[in-house]
Number of protein chains: 4
Amino acid sequence: MPEIKITADFIAEENAKGLAALKSDYSALGEKLARSGMDIDAITDKVAQFFVAVPSWGVGTGGTRFARFPGQGEPRHIFDKLDDCGVIQQLTRATPTVSLHIPWDKADPNELKAKAEVLGLGFDAMNSNTFSDGADQAHSYKYGSLSHVDTATRRQAIDHNIECIEIGRVLGSKALTVWIGDGSNFPGQVNFTKSFERYLDAMRDIYKALPEDWRLFTEHKMYEPAFYSTVVQDWGTNYLIAQTLGDKAYCLVDLGHHAPNTNIEMIVARLIQFGKLGGFHFNDSKYGDDDLDAGSVEPYRLFLVFNELVDAEHRGVEGFHPAHMIDQSHNVTDPIESLMASANEIRRAYAQALLVDRTALSAFQDGNDALMATETLKRAYRTDVEPILAEARRRTGGAIDPVATYRASGYRLKVANERPAVKGGSGGIV
Amino acid sequence: MPEIKITADFIAEENAKGLAALKSDYSALGEKLARSGMDIDAITDKVAQFFVAVPSWGVGTGGTRFARFPGQGEPRHIFDKLDDCGVIQQLTRATPTVSLHIPWDKADPNELKAKAEVLGLGFDAMNSNTFSDGADQAHSYKYGSLSHVDTATRRQAIDHNIECIEIGRVLGSKALTVWIGDGSNFPGQVNFTKSFERYLDAMRDIYKALPEDWRLFTEHKMYEPAFYSTVVQDWGTNYLIAQTLGDKAYCLVDLGHHAPNTNIEMIVARLIQFGKLGGFHFNDSKYGDDDLDAGSVEPYRLFLVFNELVDAEHRGVEGFHPAHMIDQSHNVTDPIESLMASANEIRRAYAQALLVDRTALSAFQDGNDALMATETLKRAYRTDVEPILAEARRRTGGAIDPVATYRASGYRLKVANERPAVKGGSGGIV
Amino acid sequence: MPEIKITADFIAEENAKGLAALKSDYSALGEKLARSGMDIDAITDKVAQFFVAVPSWGVGTGGTRFARFPGQGEPRHIFDKLDDCGVIQQLTRATPTVSLHIPWDKADPNELKAKAEVLGLGFDAMNSNTFSDGADQAHSYKYGSLSHVDTATRRQAIDHNIECIEIGRVLGSKALTVWIGDGSNFPGQVNFTKSFERYLDAMRDIYKALPEDWRLFTEHKMYEPAFYSTVVQDWGTNYLIAQTLGDKAYCLVDLGHHAPNTNIEMIVARLIQFGKLGGFHFNDSKYGDDDLDAGSVEPYRLFLVFNELVDAEHRGVEGFHPAHMIDQSHNVTDPIESLMASANEIRRAYAQALLVDRTALSAFQDGNDALMATETLKRAYRTDVEPILAEARRRTGGAIDPVATYRASGYRLKVANERPAVKGGSGGIV
Amino acid sequence: MPEIKITADFIAEENAKGLAALKSDYSALGEKLARSGMDIDAITDKVAQFFVAVPSWGVGTGGTRFARFPGQGEPRHIFDKLDDCGVIQQLTRATPTVSLHIPWDKADPNELKAKAEVLGLGFDAMNSNTFSDGADQAHSYKYGSLSHVDTATRRQAIDHNIECIEIGRVLGSKALTVWIGDGSNFPGQVNFTKSFERYLDAMRDIYKALPEDWRLFTEHKMYEPAFYSTVVQDWGTNYLIAQTLGDKAYCLVDLGHHAPNTNIEMIVARLIQFGKLGGFHFNDSKYGDDDLDAGSVEPYRLFLVFNELVDAEHRGVEGFHPAHMIDQSHNVTDPIESLMASANEIRRAYAQALLVDRTALSAFQDGNDALMATETLKRAYRTDVEPILAEARRRTGGAIDPVATYRASGYRLKVANERPAVKGGSGGIV
């Protein structure tokens, strides 16, 4: 029986320390918003209802192809990972679900379900893995998986995805996310057209196995691990996939998977407009698929993405309910801290986007008043919404300051005592 | 009555100088190709049948927003431009058609037709211009054209496109190319979704006016002149347009209109696969939309694009007949020379792609032999096909060495005497 | 005798409308900062003493190579431009100096001085122009200026720069900024080494003409107007120049002149460390040298740049006094509004950087606590410092809301009545 | 006693098959070159004297952070690696030296020397590794090595580099290459200035330990494994290092370590001009540090780099003797094949650069004839120099077709029988 590592009492004690300042800041902000006709409590309620899934693989220290430097108390298996995810949810109240990666998280689904229930967690989208070879695997993915020239290899990859669906069914998941590393390192290595045809054929088989109330998310990525071409290289190809497969197929947007300078918020708008936005893998990046903490490098970009999401809500776009997931690699921080901070940043962008005066914005847009239109976004963006975020956490049982409370709890040390130390070394994995 | 500026006799005299070397090189190459079972004359015939359209605006010296430095004998109007295009075709035999830009090239269509006939030229795709304001224009395009918030401005832009179709009809053109500069310079300036809806509505009106046997080409571009967002920003959006409009709508690929590092040959493959490749605006670029001479910076990329085109031909893709056009800005060279050299580079890439052993390539691809697959492309690419190109020109009445022959002809000096000198200055235009 | 277009009384009246809200917000922020041991008035004082120069060319509507769309009341000459700059300073109190561009702003220096005095303006760095050809110019800059192969052309460019110094001397300027467009559009067009040697030789001549108390700023740029290579392409080359020339030579950083993904704040740190940071051309960019309004696309990047500047101040770096200038192109906004908003954004980044708890930051850095280190920056960044900025303006006679006050003043309409309308057209200039 | 795996007789037999074709192609090319006044045999001799070092780590299959897919017969240790390097040299005659990586290649230096001698190999630059943690390491490099905040960690990294020098001394190496992964993943994580000061201090200690006749190469890289900032991020910083350290310090250029769109050949020219070009890590890239085979993606760029090198030779630059090394990751090919092909591509670029008519080029440059200047480079580049490369190999005892000969030899199968199979898995290392 898993014990709950951080008690509600402890959180309450810690919260007591910051309560006065929070009340003062919340009240000052409330007054300011009221001047613009906005009700702070209504915003706080909306924020408290906004959730983002945590990736099971995110609670372990990540790495690069050069090295991996593990931290203390690295989770040994999915049950340890769920414990860590439980802490994140306990303190932030923003992450009630976990996204699993198979085969990394393979275990008895009923045990998983039981463990999650104790921790107050549910299961988000299932993730398949056909970008590395498992120990007992008949066919290698060295030269591709769902687009491989060999039928048996493709079949193996299809079956693995179907297995992920089966596991997810038991766990209560409602979506499968398919990201593949298939591509090429040399001009001419693969025939682009045949390769994509094989991929589409394989995906049709997976799609057929999808339960009626599930969604299928495909994720594009410009490059890595393939360095000359990637089968699902951009949103254009991703859209073609979703359109080819059918109504349950949607495109997933990972913020770090685009060409330099790409206007990502515009891609988000296009996918919403054509009914194919499945959701997000949130993170941040400066160079490539850096998998940095959400909002850590370009926070305004994250806001602009949420501006599109809130705009779509505002316009009442039919069937609009994107899935929110974090997908990051934590190489130099405590992964639990990074995930809590990231969940907070994502909620921050959402809260700021809620503050945009959309009536004024529309009027400025219709009047070609570019300066005031952009200033309308900026006014919302530069509002310090931390009091709203803290209050949303506090009201739902979370911590005013999740990182400080986590550090005070001594959780990392506790698990470090239970979990054996891991040696660093060459070659990381995320 | 326009005189032909360079006589066939003059070309023949010039050709005589290089004939011996050409014969020797052609014969050596023929022998080498024969060893691989290839017939050089068959290749030469195919090359001689490959054409690319010249843009009327390309024969004037281009510029940047900083300055324009005109050359000698700048064409004063479309008739001068046609004279220059005539010389390019005369010497290269690769550019029998000209692509017009309205209103820049507005003139009596029948006079245009007559002039072109004398010069042995035809008319390629018509280009509309709604990215700058004409002198007598009722509504400004400062804040957009086909996506403008104002109905009357959109209508004006639609009508201009329809006018281009009407002119093209008389001239014998069979396609309209629509490129717009619409976009925004600030986050929030435009609503991405509404703006694209307005664009699509406007395009539907233009599409309706399209004759049965015409094609409509839409061209995407990442940025410039808009610097935060562009309505038709990438091939994904371009595809959505072509799909929304109908069977006569196709996507045009300009090689300089993509994000850094983009795999353009893959986009070409995708558009072919989904039946929407309209054709190309050929040029080269290192940084942005540099509009440099085709193949001048990344010649292997140009080859890889042609590798996809020849592969599609080879596979017998139905309805595959992309339009080939040059779209360059010649800021530091004699535009006629650059256009001749570019036509040559484009044919070079085509010739090299024809040399790819596609049976061997398929076998290496199916065997996951990446090294030999890429080597198969490289073998074709590194073949010096200049003898084939020169011989194709020679056999069809063109020059063995177009630039040398052009210089020897004194054409530039002749027209410089006829056409008044143009002062340079701030602010260029392409 | 120039009349002052907006009276102090008018500003005071407008300010009265927003005063109550400002007082409330300022007080709430003061309280919050006091909790962290910071004195809001001390910050406000520092902000009020922070200035940024306005570029004379910035008050005219900019353009692209495709088109220019002028607005109402475009300034006809430098005296009109000074009027516009005067308004910007009047309302923001952040821009007491103007940076001139010769020959665009050529006029009797004494008249310029007199006019500026009336408007309460001074003169910042002088800018030379050897990237376009003047009307009466003996040698063309088509193929370069300070690096041109021809001695006479280089001499002409040197003399022009020396003339700029002479004009600046009369005006009270203390710096010359040299930016050239020299480079190439084709591999092989120029010899990189010889070209740079010629450039250095020419710069040595200019450097010799520099008064003792002047500084020489050289500005690097990756590309445009040259599209294959640029002589002063990056900060590495810029540093070599400053080092070669001597102690009065410094590097200027324009935020839009770098390769995609470049970490600009790090370049700023390096130049400070090696004593060669001259100053900035502030603006923002998403793709290339977009010349967008400062902080409009990546406000966090602007903050990170200021974080380096304030860190250097904090460390007491000797001889550290960078020049702050705006360099933007205003294509879709009223240039006066954009410049006021930009001056505000620049001060905002400065104010936020002043709020960074540098003792805490150092401790987190020394403890490898990446999460709390970055959170320390973020806490400062997400503080809404608008009350500080507004109060700094108000206390020095400026407007609480400069854009609203400007619009209420009717200035643009007034000058539109005096200044003839300008037709738009092809080919812009910035 | 190591047996030589491929006999000279075997190579001769294989060569016999291609000899007639080679002779014919060589003779045709010779004739063509003679027409331009060039002596093919002189070129062949120069090519035969051009060498590039092979990296010991390059003969093992590489990987990414996602996975590594080993091939057959993976080398178990440095002695196996040397065997593989021996084969590469045997067949190409272009790679007589090996570059070691410590601690990966740690072994008794005298045994190494003896083994190398048998194989006809020597030792090139030594490479230190402070970007991953060794098994028995006192201080972790998780937060940096030579720039670490902790003195003991820096000391450890310094000592490791000095140890590399000591090993290299015994082996006959004459250079140390220092590449570090130090940097940060978050704004604020490190202080750029202090971090670089610590790095420079540490490097001074290493520099002091450098034997008189050695060179020290520092290598810049934009990003990875650090994803927000990297201590030695670009050539500007690299130059500052070399300049700070002294005359034996030089900058190493890895072709994949730059920002998108960077003009690398220009950086090469600048470093030559300022006496600080140390040499190269050759490879190719399309997106980031892809470590693809040299010349496989942008062969013209490789040529343009060699154009600078040959130009410097031609100008007789004093003290100019750059080190040539390959640094690639072979994920989907047999590493031996990729290294042979890459050595060939590097020689190809060199041979093409030798064919440039530098007198004509200078004249075109001095005449601002951009078109003919670039055409002069292109003429050399498009010459198919394969006969020269093959003949250079043949004359020095190598294979006309190294890959075909290697495959025919059955070497890979032989070593696969000796060396145990390696399981693939998550997390690669290069």
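Residues numbered from 1 in each chain as written. Chains lettered and ligands numbered in written order. Predicted model: local features only at pLDDT ≥ 70, side-chain atom pairs only at ≥ 80, totals over all residues. Heavy atoms only, no water.

Engineer: When you look at the overall build of chain A in this model, what are you seeing that I'm missing?
Structural biologist: In terms of regular secondary structure, chain A is built from 15 helices and ten strands. For 430 residues, the compact-globule estimate of 2.2 N^0.38 gives 22 Å, and chain A sits close to it at 22 Å. Projected onto its principal axes, the C-alpha coordinates of chain A cover approximately 65 × 60 × 40 Å. Taking all 430 residues of chain A together, the buried fraction comes to 69%. The long-range fraction of contacts in chain A, counting pairs at least 24 apart against all pairs at least 6 apart in sequence, stands at 79%. Accessible surface, chain A as shown: approximately 13400 Å² in total, 51% of it carbon and sulfur. Across chain A, the centroid of the 45 positively charged side chains sits 1 Å from that of the 59 negatively charged ones. (Helix = DSSP H or I, 4+ residues; strand = E, 2+ residues; numbered from the N terminus. Rg over C-alpha atoms; globule rule 2.2 N^0.38 Å. Buried < 20%, exposed > 50% of the residue type's maximum accessible area, 1.4 Å probe, protein only. Contact = heavy atoms within 4.5 Å. Areas by Shrake-Rupley, 256 points an atom, 1.4 Å probe, with all protein chains shown as cover. Lys, Arg positive; Asp, Glu negative; His and termini not counted. Charge placed at Lys NZ, Arg CZ, Asp CG, Glu CD.)

Engineer: Before we go on, may I ask you to explain the sheet that holds strand S6 (residues 215–219) of chain D in this structure?
Structural biologist: By way of backbone hydrogen bonds, the strands of a sheet pair with one another, either parallel or antiparallel. Residues and elements named next belong to chain D. Within the open sheet, the eight strands sit side by side as S1-S2-S3-S4-S6-S8-S9-S10. Their pairing is parallel. Each having just a single partner strand, strand S1 (54–55) and strand S10 (323–326) make up the two edges of the open sheet. When strand S8 (residues 249–254) meets strand S9 (residues 277–282), the two strands line up parallel, connected through four bridges. Among the inter-strand pairings, Val 253 is bridged to a residue of S9, identified as Phe 280. Against the sheet, helix H6 (residues 192–208) makes contact with strand S4 (175–178), S6 and S8, and its axis sits at roughly 155° relative to S6, the strand it touches most. Sitting on the sheet, helix H8 (residues 264–273) touches S8 and S9, and the angle it makes with S9 is about 155°. (Pairing = 2+ DSSP bridges. Axes fitted to C-alpha atoms, helices over the stretch in contact; angles between N-to-C directions.)

Engineer: When you look at the pairing of strand S2 (residues 97–102) of chain C in this model, what are you seeing that I'm missing?
Structural biologist: Residues and elements named next belong to chain C. Burial runs high along S2: five of the six residues are buried. Strand direction decides the pairing type here: strand S1 (residues 54–55) and S2, joined by two bridges, are parallel. The residue bridging Pro 55 from the neighbouring strand is Ser 99, located in S2. Taken together, S1, helix H3 (residues 78–92) and S2 form a β-α-β motif whose crossover is right-handed. Relative to strand S3 (residues 122–128), S2 is paired through five bridges, and the arrangement is parallel. Residue Leu 100 lies in a different strand from S3, and its bridge partner there is Met 126. (Right-handed = clockwise from strand over helix to strand, strands pointing away.)

Engineer: Honestly, the interface of chain A and chain C in this entry has me stumped. Any pointers?
Structural biologist: Often the size quoted for an interface is simply the accessible area lost on bringing the parts together. Chain A puts 41 residues into the contact, and the matching count from chain C is 41 residues. Together, the buried faces of chain A and chain C total about 3200 Å²; carbon and sulfur atoms form 46% of this surface. Of all residues in chain A, Asn 261, Leu 371 and Arg 382 of chain A bury the most surface against chain C, accounting for 21% of the area lost on that side. On inspection of chain A and its partner chain C, the count reaches ten salt bridges. Note that Asp 25 of chain C and Lys 32 of chain A form a salt bridge whose closest N and O atoms lie 3.8 Å from each other. (Buried area = accessible area lost by both parts, 1.4 Å probe. Salt bridge = Lys/Arg side-chain N within 4 Å of Asp/Glu carboxyl O.)

Engineer: What exactly am I supposed to notice about the sheet that holds strand S4 (residues 175–178) of chain B here?
Structural biologist: Residue and element names in this part refer to chain B. One open sheet accounts for eight strands, arranged S1-S2-S3-S4-S6-S8-S9-S10; its pairing is parallel. Single-partner strands in this sheet number two, and they are strand S1 (54–55) and strand S10 (323–326). Its contacts with the sheet put helix H6 (residues 192–208) on S4, strand S6 (215–219) and strand S8 (249–254), and the angle it makes with S6 is roughly 155°.

Engineer: What is the right way to look at the interface of chain B and chain C in this model?
Structural biologist: The interface of chain B with chain C comprises 55 residues on the first partner and 55 residues on the second. Across the chain B to chain C interface the summed buried area is about 4600 Å²; carbon plus sulfur atoms make up 61%. Looking at the side of chain B facing chain C, the largest losses of area belong to Arg 65, Phe 66 and Tyr 287 of chain B, adding up to 19% of the total buried there. Where chain B touches chain C, the interface holds six salt bridges. Where chain B touches chain C, the interface holds 13 residue pairs in polar contact (both at pLDDT 80 or more). (Polar contact = N/O pair within 3.5 Å; in protein donor to acceptor, adjacent residues only side chain to side chain.)

Engineer: Quick question: what am I supposed to make of the side chain of Asp 284 of chain A here?
Structural biologist: Residue and element names in this part refer to chain A. Tracing the backbone through its elements, the reader meets Asp 284 in the loop between strand S9 (277–282) and helix H9 (299–315). A distance of 3.0 Å separates polar atoms of two side chains, one belonging to Asp 284 and the other to Arg 301. Those residues in contact with Asp 284 that sit more than four places away from it in its chain are Asp 290, Asp 291, Leu 292, Asp 293, Ala 294, Gly 295, Ser 296, Val 297, Glu 298 and Arg 301.

Engineer: Even after reading the chapter, I still don't get unusual backbone geometry, so can you show me in this structure?
Structural biologist: Of all residues except glycine, most have a negative phi; of all peptide bonds, most are trans. Residues Glu 224 of chain A and Pro 225 of chain A are joined by a peptide bond in cis, for which omega reads 10°. Counting through the fold element by element, Pro 225 of chain A comes out in the loop between strand S6 (215–219) and strand S7 (229–230). Despite not being glycine, Arg 93 of chain D shows a phi value in the positive range, around 55°. Given a relative accessible area of 25%, Arg 93 of chain D falls into the partly exposed group.

Engineer: Explain the packing of helix H10 (residues 335–354) of chain C against helix H13 (residues 386–395) of chain C here, please?
Structural biologist: In a pair of packed helices, the angle between the axes and the distance between the axes together describe the arrangement. Residues and elements named next belong to chain C. One can describe the packing of H10 onto H13 by two numbers: an axis separation of 10 Å at closest approach and a directional angle of 120°. It follows from the interaxial angle that H10 and H13 lie oblique. Our pair here, H10 against H13, has a crossing hand that is right-handed. Seen from H10, the contacting residues are Asn 344, Arg 347, Arg 348 and Ala 351; seen from H13, they are Glu 386, Leu 389, Ala 392 and Arg 393. (Parallel < 35°, antiparallel > 145°, perpendicular 65-115°, else oblique. Left-handed = near helix turned anticlockwise from the far one by under 90°.)

Engineer: Whenever I open this one, helix H13 (residues 386–395) of chain D confuses me. Can you help?
Structural biologist: Residues and elements named next belong to chain D. The element H13 is largely enclosed, with a buried count of eight among its ten residues. When we look at burial in H13, the residues that qualify are Glu 386, Pro 387, Ile 388, Leu 389, Ala 390, Glu 391, Ala 392 and Arg 393. Turning to H13, the residues buried within the fold contact helix H1 (8–35), helix H2 (40–48), helix H3 (78–92), helix H10 (335–354) and helix H14 (402–409).

Engineer: What am I meant to see in the relation of the copies chain B and chain C here?
Structural biologist: Once chain B is rotated about the relating axis by 180° and shifted along it by 0.0 Å, it coincides with chain C to within an RMSD of 0.0 Å. Considering both components of the superposition, the chain copies are consistent with a two-fold axis. Every residue of chain B has its C-alpha some distance from the rotation axis, and the shortest such distance is that of Arg 65 of chain B, at 2.1 Å. The fraction of interface residues of chain B whose copies in chain C are also interface residues reaches 100%, indicating that both copies meet through the same surface. (Least-squares fit on C-alpha atoms with pLDDT ≥ 70 in both.)

Engineer: Please explain H2 of chain D as it appears in this structure.
Structural biologist: Because an α-helix packs 3.6 residues into every turn, residues spaced three or four apart end up facing the same way. Residue and element names in this part refer to chain D. What H2 keeps buried is the set Ile 40, Ile 43, Thr 44, Val 47 and Ala 48. Projection of H2 onto a plane perpendicular to its axis shows the buried side chains occupying an angular sector of 135°, all on one side. Looking at the buried residues of H2, the elements they touch are H1, H10 and H13. You can read the cap of H2 off the contacts: a side-chain oxygen lies 3.1 Å from the backbone nitrogen of Asp 41, and it is on Asp 39. (Arc of directions from axis to C-beta.)

Engineer: Just checking my understanding: could you explain the relation of the copies chain A and chain C for this structure?
Structural biologist: Both copies of the chain are tied together by a single rotation about an axis and a shift running along it. Overlay of chain A on chain C (RMSD 0.0 Å): rotation 180°, translation along the axis 0.0 Å. A shared binding surface is used by both copies, with 100% of the interface residues of chain A retained as interface residues in chain C.

Engineer: Hey, could you run me through the side chain of Ser 56 of chain C in this one?
Structural biologist: Residues and elements named next belong to chain C. Topologically, Ser 56 is positioned in the loop between S1 and H3. Residue class for Ser 56 comes out buried when judged on its relative accessible area of 0%. In contact with Ser 56, not counting residues within four places along its chain, are Ile 78, Lys 81, Val 98, Ser 99, Leu 100, His 101 and Asp 105.

Engineer: I'm lost on the environment of Ala 363 of chain A in this one. Help?
Structural biologist: Residues and elements named next belong to chain A. Counting through the fold element by element, Ala 363 comes out in helix H11 (residues 358–366). Taking the relative accessible area as the measure of exposure, Ala 363 reaches 48% and is therefore partly exposed. Taking the C-alpha atoms as reference, Ala 363 lies 31 Å from Cys 251; in sequence the two are 112 residues apart.

Engineer: Before we go on, may I ask you to explain the environment of Asp 39 of chain B in this structure?
Structural biologist: All names here are of chain B. Summarising the element assignment, Asp 39 is placed in the loop between helix H1 (8–35) and helix H2 (40–48). Expressed as a C-alpha distance, the spacing of Asp 39 and Gly 279, which sit 240 residues apart in the sequence, is 28 Å. A distance of 3.1 Å separates a polar atom in the side chain of Asp 39 from the backbone nitrogen of Asp 41.

Engineer: Can you help me understand the pattern of salt bridges in this one?
Structural biologist: When the charged atoms of two side chains lie near each other, side chains of opposite charge can form a pair. Evaluated as defined, the whole model comprises 160 salt bridges over all chains. A salt bridge links Arg 155 of chain B to Asp 159 of chain B, with the nearest nitrogen and oxygen atoms 3.0 Å apart. Of the two residues, Arg 155 of chain B and Asp 159 of chain B are both situated in helix H5 (residues 151–171); the distance of four residues between them amounts to about one turn of the helix. On the basis of relative accessible area, Arg 155 of chain B is assigned to the partly exposed category, the value being 36%. Relative accessible area serves as the criterion here: at 38%, Asp 159 of chain B is assigned to the partly exposed category. Put simply, Lys 221 of chain C and Asp 289 of chain C hold a salt bridge, and the shortest N to O gap is 2.8 Å. Separated by 68 residues along the polypeptide, Lys 221 of chain C in the loop between strand S6 (215–219) and strand S7 (229–230) and Asp 289 of chain C in the loop between strand S9 (277–282) and helix H9 (299–315) bring together distant segments of the chain. In this pair, the class of Lys 221 of chain C matches that of Asp 289 of chain C, namely buried. Where salt bridges share partners, they join Glu 345, Arg 348, Glu 386 and Arg 393 of chain A together with Glu 375, Lys 378, Arg 379 and Arg 382 of chain C into one cluster.

Engineer: Just to check I follow, could you spell out the packing of aromatic side chains for this structure?
Structural biologist: Think of a pair of aromatic rings as described by two things: how far the centres are apart, and how the planes are tilted against each other in angle. Summed over the entire model, instances satisfying the criterion amount to 78 aromatic pairs over all chains. Ring geometry for Phe 131 of chain B against Phe 66 of chain C: centres 5.7 Å apart, planes inclined by 80°, an arrangement best described as edge-to-face. Of the two residues, Phe 131 of chain B sits in the loop between strand S3 (122–128) and H5 while Phe 66 of chain C sits in the loop between S1 and H3, which places them in two different chains. In this structure Phe 131 of chain B comes out as buried when scored by relative accessible area, which is 5%. Taking 5.3 Å as the distance between ring centres and 50° as the angle between the ring planes, the aromatic pair formed by Phe 303 of chain C and Tyr 381 of chain C counts as tilted. Note that Phe 303 of chain C is positioned in helix H9 and Tyr 381 of chain C in helix H12 (residues 370–381), a separation of 78 residues in sequence. Comparing Phe 303 of chain C with Tyr 381 of chain C shows no difference in burial state: the two are buried. When the ring centre of Tyr 300 of chain A is taken as reference, the NZ or CZ atom of Lys 378 of chain A above it lies at 5.6 Å. Here the basic side chain of Lys 276 of chain B rests over the ring of Tyr 250 of chain B, its NZ or CZ set 5.5 Å away from the ring centre. (Phe/Tyr/Trp six-rings, centres within 6.5 Å; stacked < 30°, edge-to-face > 60°. Lys NZ or Arg CZ within 6 Å of the ring centre and 35° of its normal.)

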